[in-house]
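Summary of the model geometry
Below, each chain spelled out in residue letters.
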Amino acid sequence: MVPIKSTLLHNCHVDLASVRSHNDRTVLSLVRSGALSRADIAAGAGLTPQAVSKIVARLMSAGLLEETGAVRGGGRGKPRTALRLRGEGAFAYGAYVDRDELRVVRLDLTGSPVSSAVVPLAPMFTPADVLDALEPVVEPGEDVLGLGIGIAGPLDFRGGAVSPNGLPGWSSVPLRALAEERLGLPVVVDKDTNAAVLAEAWARPLRDAALVFVGTGLGVGLLLDGEVHRGARSGAGELGHTVIQLDGPLCVCGRRGCVEAVHAAAASGVDAARVVAAAVANLVQLLDLDQIVLSGRRVLESPELYLRAMPDVDVTVTAFGPDLVPVGAGLLVLGELF
Ligand SMILES: [Zn+2]
């Protein structure tokens, strides 16, 4: 994974700060998919056994790896000691600033949620309201790597300023800096759809895929060649504002016939699903995607309707439910280690 912010780990536990080399991350990534012996790690990473011993010792002393029971390697020879991630070795928080609520999860090192919270947000909530909602549920500690926040775009991924659609008064809000100052821990901000596709890619192998998020708006998180694709201005994935019907209904963006506007104006649930399906078919044609994951409130309300309408590619509905975005936001932070 491409490092998001090289300083992300600086404020954390002193031992974690040393876990930054490419080889360290390679070893952690290999072990993430299942317990492995040192010999298996050496073979998988293309490293010498001596190098692996040193890396493993360092990661164990940082509390990120632990030895588990013996495993038999290939059926011959004596059983070898296997290594696995130490779940409680590090934690990350992930948050989703939705239209009417804040969802926060605490992930352990394996990416599994260990706690979660939902805080209602009043209509027309302000940045200060979000910070007030975050503070009681995010507990900084030396084993906490940071907080990832997923929110609607547009936003500046590198600079951490957000101007989310549908939130009047939110214009170039430096959400990352504000949250870092209030909470006292490193913060990463990304589009909700990017966080969502990251969560899906963490859970299973995905390479060229789109996470289609159908809620109040309609957005896409793109995974191209295994990496989240954000585009030149962090603006990739605005499938909802591509035009699907010339002279169609007026959209909030000022144009006519956007997918989002046509979807909202659909006469029935079946028609609405067909609109999304047509847009997804265009996307598949354009990018040669082989996997589509559906998510968002509208899909979760009637998944069969949307599944039936989709084009002939591998289409699934997210298994994360409403915690998809907060989990992905936490993985933005945790992913720095892998
Ligand atoms: Zn539009």
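Residues numbered from 1 in each chain as written. Predicted model: local features only at pLDDT ≥ 70, side-chain atom pairs only at ≥ 80, totals over all residues. Heavy atoms only, no water.

Here's the deal with the overall build of the chain
The following threshold applies: Only DSSP runs of H or I reaching four residues or more are called helices, and only runs of E reaching two or more are called strands; each is numbered from the N terminus. To get the radius of gyration, use the C-alpha atoms; to get the globule rule, take the number of residues to the power 0.38 and multiply by 2.2 Å. Relative accessible area decides the class of each residue, using a 1.4 Å probe on protein chains only: under 20% of the type maximum gives buried, over 50% gives exposed, and in between gives partly exposed. We call two residues contacting when some pair of their heavy atoms lies within 4.5 Å. For every accessible area listed, the method is Shrake-Rupley and the probe measures 1.4 Å; residues are considered covered only by the protein chains on display. Here Asp and Glu are counted as negative and Lys and Arg as positive; His is not counted, and neither are the chain ends. By convention, charge coordinates are those of NZ in Lys, CZ in Arg, CG in Asp, or CD in Glu.
Per the secondary structure count, the chain includes 11 helices and 15 strands. Taken over the C-alpha trace, the chain has a radius of gyration of 21 Å; the compact-globule value for 338 residues is 20 Å, and the two agree within 12%. Overall size of the chain, expressed as C-alpha extent along the three principal axes, is 70 × 45 × 30 Å. A buried classification covers 49% of the 338 residues belonging to the chain. Sequence separation of at least 24 residues holds for 58% of the intrachain contacts in the chain that already meet a minimum separation of 6. Here the chain displays about 15100 Å² of accessible surface, and carbon together with sulfur accounts for 51% of that area. Averaged over its 30 positive side-chain charges, the chain has a centre that lies 6 Å from the centre of its 37 negative ones.

Thoughts on the confidence of the model for the chain
The line we're drawing: Confidence scores here are pLDDT values: one per residue, from the predictor, ranging 0 to 100.
Averaged over every residue, the pLDDT of the chain is 91; the share at 70 or more is 92%. The low-confidence segment residues 1–14, where pLDDT is below 50, has 36 contacts with residues more than four positions distant or belonging to other chains.

Things to note about the domain arrangement of the chain
Note the cut-off: Start and end positions for the domains come from either an automated domain assignment or a database one.
Per the domain assignment, the segments making up the chain are domain 1 (16–88), domain 2 (90–195 + 325–337) and domain 3 (200–320). Of note, the centres of domain 1 and domain 3, computed from C-alpha atoms alone, are 39 Å apart.

A word on the coordination of the zinc ion
What counts, and what does not: Shown as donors are all N, O and S atoms within 2.8 Å of a metal ion, widened to 3.2 Å for Na, K and Ca; because water is not in the atom set, sites may appear incomplete. Geometry is assigned from the angles between donors: four donors with all angles from 85 to 135 degrees make a tetrahedral site, four or six donors whose opposite pairs exceed 155 degrees while the rest stay between 65 and 115 make square planar or octahedral sites respectively, and everything else is labelled irregular.
Only H241 (ND1), C251 (SG), C253 (SG) and C258 (SG) from the protein reach the zinc ion as donors, at distances of 2.1 to 2.4 Å. The coordination sphere of the zinc ion comprises 4 donor atoms, whose angles at the metal cover 99 to 125°; the geometry is tetrahedral. For the zinc ion, the single-chain donor residues occur in sequence as H-x9-C-x1-C-x4-C. Accessibility expressed as a relative area gives 7% for C251, which makes it buried. According to the relative accessible area criterion, C253 is partly exposed, its value standing at 36%.

Observations regarding the pairing of strand β5 (residues 101–108)
The side chains of a regular strand alternate between the sheet's two faces. Stated precisely, the cut-off is as follows: Two strands are said to pair when DSSP picks up at least two bridges between them.
Burial of β5 is extensive: 8 of the 8 residues sit out of reach of the surface. One ladder, built from 7 bridges, connects strand β4 (residues 91–97) with β5; its direction is antiparallel. Each bridged residue has a counterpart across the sheet, and for A92 the counterpart in β5 is L107. From the end of β4 to the start of β5, which pair antiparallel, there are 3 residues. With 7 bridges joining them, β5 and strand β6 (residues 113–120) adopt antiparallel strand pairing. Within β6, the residue paired with R103 across the bridge is V118.

A few points about the environment of N23
With respect to the helices and strands, N23 occurs in helix α1 (residues 22–32). Once the C-alpha coordinates of N23 and A45 are considered, the two residues, 22 residues apart in sequence, prove to be 7.9 Å apart. Each residue touching N23, except ones within four places of it in the same chain, is listed here: L47 and I55.

Some thoughts on unusual backbone geometry
Here the amide bond leading from G153 into P154 is cis, since omega sits at 0°, within 30 degrees of zero. Among the secondary structure elements, P154 is positioned in the loop between β7 (144–151) and β8 (155–156). The phi dihedral of S172 is positive, around 50°, even though this residue is not glycine. Within the fold, S172 resides in the loop between β9 (161–162) and α5 (175–183). Notably, D247 is not glycine yet its phi reads approximately 60°, a positive angle. The topology assignment puts D247 in the loop between β13 (227–228) and α7 (259–264).

Considering the sheet that holds strand β10 (residues 187–191)
As a reminder of what qualifies: Convention adopted: a line fitted to C-alpha atoms gives each axis, helices being fitted over their contacting stretch, and angles between N-to-C directions are expressed from 0 to 180 degrees.
Reading across the sheet, the 5 strands line up as β6-β5-β4-β7-β10 and stay open at both edges, with mixed pairing between neighbours. Each edge of the sheet is formed by a strand with only one pairing partner; in this case those strands are β6 and β10. Across the sheet, the mean angle separating the axes of adjacent strands is 20° when strand polarity is ignored. Sheet strands in contact with helix α4 (residues 127–134) are β4, β5, β6 and β7, and its direction is about 40° off that of β5.

Concerning the nonpolar core
Quick note on the threshold: Buried Ala, Val, Leu, Ile, Met, Phe, Trp, Tyr and Cys residues that are joined via side-chain atoms within 4.5 Å together make up what is termed a nonpolar core.
Judged by nonpolar contacts, the single largest core of 76 residues is most densely connected at L134 and I149. For this core, the element with the most residues is helix α11 (residues 324–334), which contributes 8 residues. If near-sequence neighbours (up to four positions away) are discounted, I149 is found in contact with A95, V97, L134, L175, A179, V187, V188, V189, D190 and A329.

Some words on α4
Our working definition: Taken from the helix axis, the directions to the C-beta atoms give the arc we talk about.
Those residues of α4 lying buried are P127, V130, L131, A133 and L134. Angular distribution of buried residues about the axis of α4 spans 160°; they occupy a single face of the element. Here the buried face of α4 lies against β4, β5, β6, β7 and α5.

Re the packing of aromatic side chains
Going by this rule: Aromatic contacts are taken between Phe, Tyr and Trp rings whose centres are within 6.5 Å, Trp giving its six-membered ring; a plane angle under 30 degrees counts as stacked, one over 60 as edge-to-face, and the others as tilted. Note on geometry: a ring has a charge over it if NZ (lysine) or CZ (arginine) is within 6 Å of the ring centre and within 35 degrees of the ring normal.
In the structure shown here, the tally under the stated rule is 3 aromatic pairs. With a centroid separation of 5.9 Å and 80° between ring planes, the pair formed by F125 and W170 is classed as edge-to-face. Here W170 lies in the loop between β9 and α5 and F125 lies in the loop between β6 and α4, a separation of 45 residues in the sequence. For the pair shown, F125 and W170 are each scored as buried. Directly above the aromatic system of W202 lies the positively charged group of R32, at a separation of 3.7 Å from the ring centroid. Seen from the ring of F91, R106 lies directly overhead, with NZ or CZ sitting 4.1 Å from the centre.

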